[in-house]
Amino acid sequence: EAAVTQSPRNKVTVTGGNVTLSCRQTNSHNYMYWYRQDTGHGLRLIHYSYGAGNLQIGDVPDGYKATRTTQEDFFLLLELASPSQTSLYFCASSDGAQGEDTQYFGPGTRLLVL
Amino acid sequence: GDSVTQTEGLVTLTEGLPVMLNCTYQTIYSNPFLFWYVQHLNESPRLLLKSFTDNKRTEHQGFHATLHKSSSSFHLQKSSAQLSDSALYYCALSDGGNYKPTFGKGTSLVVHP
């Protein structure tokens with residue numbers, strides 16, 4: 001089964017702070033995704049990538065940057081954090097073979113912006 | 001763009017009663033993949049079942065769903081709810097074209113004794 005890890009698991013920062021969330025997958029999946037999960041909104045896609053150096057815009061990208069440095073590593077950057085970005089963030093990966101992209105989720109990172 | 005609609009935000013059931021969670025979708029792609037993910041409290045979502053084939057029943061862990069392209073539906077069902085089924089359930093769509101999955105807003109299922 002796919003292994004996706006995230007760090008940190010919990011993060012507290014202040015408004016205007018700089019935050020980097022890390023994600024690593026060890027199954028050679030092509031696709032990686034960043035989601036945020038909020039009550040009443042479900043899972044919303046922020047950014048995704050289909051390989052090192054590639055970045056695709058998701059549905060709620062404002063205020064977020066992302067970078068895929070290797071096939072394994074995908075980072076989410078909040079350069080000027082705001083309280084509205086307080087959320088539970090999930091990273092996911094998928095193989096993408098034959099058009100099927102079952103998502104394998106990491107354990108999540110809880111971010112609190114004060 | 002693609003969309004997934006889960007009409008119920010919360011479903012509350014008594015143990016032993018049947019479960020049905022609704023999912024409808026919109027896509028211009030003729031061969032979508034449909035998924036159900038389950039997320040238990042303090043866990044991450046994981047795949048429950050998926051389908052690509054029209055009118056074929058898919059089953060896993062006591063749950064089943066059938067993709068009906070004619071009605072753009074993929075409802076999740078179970079014959080008898082268990083307390084352990086209490087969780088958040090997401091329906092999701094992949095159109096296979098751009099690998100950008102679309103999730104519904106989720107249905108929270110609460111099963112009580």
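As a reminder, the structure under discussion sits directly above these lines.
Once a new chain begins, its residue numbering starts again from 1 and follows that chain's sequence as written. For this description, chains carry letters from A and ligands carry numbers from 1, given in the order in which they are written. The predicted origin of the model limits local features to residues at a pLDDT of at least 70 and limits the giving and counting of side-chain atom pairs to 80 or more, whereas totals for whole chains, interfaces and linings rest on all residues. Heavy atoms from the whole structure form the basis of all side-chain values; hydrogens and water molecules are not counted.

A.B. asks: Is there a simple way to think about the state of the cysteines in this case?
C.D. replies: Working definition: a disulfide is two cysteine sulfur atoms within 2.5 Å of each other. Counted according to the given criterion, the structure contains two disulfides over all chains. The disulfide partner of A:Cys23 is A:Cys91, and the gap between their sulfur atoms is 1.9 Å. An S-S torsion of about -75° defines the bridge between A:Cys23 and A:Cys91 as left-handed. Taken together, the residues span a long stretch of sequence, with A:Cys23 in strand 3 (residues 19-25) and A:Cys91 in strand 9 (residues 87-94) at a distance of 68 residues. Comparing A:Cys23 with A:Cys91, the two get one shared label, buried. Bridging B:Cys23 to B:Cys91, the disulfide has an S-S length of 1.9 Å. On the sign convention where negative is left-handed, the bridge of B:Cys23 and B:Cys91, at about -65° about the S-S bond, is left-handed. A run of DSSP states H or I qualifies as a helix once it reaches four residues; a run of E qualifies as a strand once it reaches two. Both are numbered from the N-terminal end. Buried residues are those whose accessible area, probed at 1.4 Å on protein chains only, stays under 20% of the maximum for their type, while exposed residues exceed 50% and partly exposed ones sit between those limits.

A.B. asks: It is not clear to me how the interface of chain B and chain A should be interpreted in this structure. Could you clarify?
C.D. replies: Throughout, a residue-residue contact means that at least one pair of heavy atoms, one from each residue, lies within 4.5 Å. Each partner contributes to the interface: chain B provides 20 residues, whereas chain A provides 25 residues. In short, buried area is how much 1.4 Å probe accessible area vanishes from two parts on joining, totalled over both. In total, about 1800 Å² of surface goes out of reach between chain B and chain A, with carbon and sulfur atoms giving 55% of it. We count a salt bridge whenever a side-chain nitrogen from Lys or Arg sits within 4 Å of a carboxyl oxygen from Asp or Glu. Joining chain B to chain A, the criterion identifies one salt bridge. For A:Asp59, the salt bridge goes to B:Lys100, with nearest N and O atoms at 2.6 Å.

A.B. asks: Any chance you could explain the side chain of A:Gln25 here in plain terms?
C.D. replies: All names here are of chain A. Locating Gln25 in the fold gives a position in strand 3. Among the residues examined, Gln25 registers a relative accessible area of 0% and is labelled buried. Definition of a polar contact: a pair of N or O atoms within 3.5 Å, with one able to donate and the other able to accept a hydrogen when the atoms are protein atoms, and with sequence-neighbouring residues admitted only if both atoms are side-chain atoms. A polar side-chain atom of Gln25 sits 2.9 Å from the main-chain carbonyl oxygen of His29. Filtering out sequence-adjacent residues up to four positions away, Gln25 remains in contact with Ala3, Val4, Met32, Arg68, Gln71, Glu72 and Ser93.

A.B. asks: Honestly, the layout of surface pockets in this entry has me stumped. Any pointers?
C.D. replies: Over the atoms, a rolled probe matching the size of one water molecule traces out where space is still vacant. A pocket, in this scheme, is an open set of points on a 1 Å grid over the protein atoms alone with protein on both sides within 12 Å along at least 5 of 7 lines, while a cavity is a set where a 1.4 Å probe fits but cannot get out; residues line either one if an atom lies within 4 Å of a point. Grid points are joined across faces, edges and corners, and a volume is the space filled by probe spheres set on the points. Of the volumes computed, that of the largest pocket is approximately 520 Å³. Lining the largest pocket are 25 residues, with A:Gln37, A:Leu88, B:Gln39, B:Leu41 and B:Asn42 sitting closest to its centre. Secondary-structure elements contributing two or more residues to the lining of the largest pocket are strand 4 (31-38) and strand 9 of chain A together with strand 10 (87-94) and strand 12 (107-112) of chain B. With three residues, strand 10 of chain B is the largest single contributor of residues to the lining of the largest pocket. Throughout this entry, Asp, Glu, Lys and Arg are counted as charged residues, while Ala, Val, Leu, Ile, Met, Phe, Trp, Tyr, Cys and Pro are counted as nonpolar. The remaining residues, Gly among them, count as polar. When the residues that make up the lining of the largest pocket are grouped by side-chain class, the tally is eight nonpolar, twelve polar and five charged.

A.B. asks: Would you mind going over the pairing of strand 3 of chain A with me for this structure?
C.D. replies: Consecutive side chains along a regular strand alternate between the two faces of the sheet. Residues and elements named next belong to chain A. Among the seven residues that make up strand 3, five are buried, leaving the element largely enclosed by the rest of the structure. One bridge is not enough; two strands pair if DSSP finds at least two bridges between them. Pairing of strand 1 (residues 4-7) with strand 3, which is carried by four bridges, proceeds in the antiparallel orientation. In the strand pairing of strand 3, Val4 is matched with Gln25. In terms of strand pairing, strand 3 meets strand 8 (residues 73-78) through six bridges, oriented antiparallel.

A.B. asks: Got a minute to help me understand the sheet that holds strand 9 (residues 76-78) of chain B in this structure?
C.D. replies: Either a parallel or an antiparallel arrangement is found when strands of a sheet pair, and the pairing is made through backbone hydrogen bonds. Residues and elements named next belong to chain B. Pairing is antiparallel across the open sheet formed by four strands, whose spatial order is 3-9-8-7. One side of each edge strand has no neighbouring strand; the edge strands of this open sheet are strand 3 (19-21) and strand 7 (57-60). On average, each strand axis in the sheet is tilted by 20° relative to the strand beside it, whichever way the strands run. Bridging between strand 3 and strand 9 involves three bridges; their strand directions are antiparallel. To get an axis, fit a line to the C-alpha atoms, keeping to the stretch in contact for a helix; angles then go from 0 to 180 degrees between the N-to-C directions.

Purely spatial values, then, with no claim about function.
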